[in-house]
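# Structure at a glance
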Amino acid sequence: MGLLRTIAIIIIVYYAFKFIGKYIMPLFLKRVVKNVEKKMREQQENQYKEDSGNIGETVIAKKPQVRKESNKDVGDYVDYEEVKDDK
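Description of the structure in this document. (Residues numbered from 1 in each chain as written. Predicted model: local features only at pLDDT ≥ 70, side-chain atom pairs only at ≥ 80, totals over all residues. Heavy atoms only, no water.)

Turning our eyes to something else, we now look at the overall build of the protein chain. Across its full length, the protein chain holds one helix and zero strands. A buried classification covers 0% of the 87 residues belonging to the protein chain. Surface exposure of the protein chain reaches about 10,300 Å², of which carbon and sulfur atoms provide 57%. (Helix = DSSP H or I, 4+ residues; strand = E, 2+ residues; numbered from the N terminus. Buried < 20%, exposed > 50% of the residue type's maximum accessible area, 1.4 Å probe, protein only. Areas by Shrake-Rupley, 256 points an atom, 1.4 Å probe, with all protein chains shown as cover.)

Structure below.
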């Protein structure tokens, strides 16, 4: 009796996943794709609005120069010399 019950549960779970995969997942994926498409379209429109300027105008955006301060407390500089082995 337990074996038949286990087989019945396995078959029910199999067909449930098959049903979900065939009918429910496409609906869910369509909704997700529509939301992503809508967000991308909004971002693209916002970017176009920000970038729109005079036609033919060239804008060069540069990063601000950051001055690096060297740390003098790192240590002493040691000059390196190669030593040849006479063998």
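Back to the text.
Here we come to the pattern of salt bridges. Applying the stated rule across the entire model yields one salt bridge. Between E37 and R41 there is a salt bridge, and its shortest N-O distance comes to 2.7 Å. Separated by four residues within a single helix, E37 and R41 lie in helix α1 (residues 2-51), roughly one turn from each other. Note on E37: relative accessible area 42%, which makes it partly exposed. (Salt bridge = Lys/Arg side-chain N within 4 Å of Asp/Glu carboxyl O.)

Turning to a nonpolar patch on the surface, a few remarks are in order. A contiguous nonpolar surface patch, about 920 Å² in accessible area, is contributed by F19, I20, Y23, I24, M25, F28, L29, V32, V36 and M40. With respect to the secondary-structure elements, F19 resides in helix α1. (Patch = residues over 30% accessible without salt bridge, like charges linked within 9 Å, V, L, I, M, F, W, Y side chains within 5 Å.)

Tallying each qualifying case throughout the model produces two aromatic pairs. For the pair Y14 and Y15, a centre-to-centre distance of 5.2 Å together with 75° between the ring planes defines the contact as edge-to-face. Between F19 and Y23, the aromatic rings sit 5.2 Å apart at their centres with planes inclined by 45°, giving tilted as the arrangement. In this pair, F19 and Y23 both sit in helix α1, four residues apart, roughly one turn of the helix. On the basis of relative accessibility, which here comes to 46%, the residue F19 falls in the partly exposed class. (Phe/Tyr/Trp six-rings, centres within 6.5 Å; stacked < 30°, edge-to-face > 60°.)

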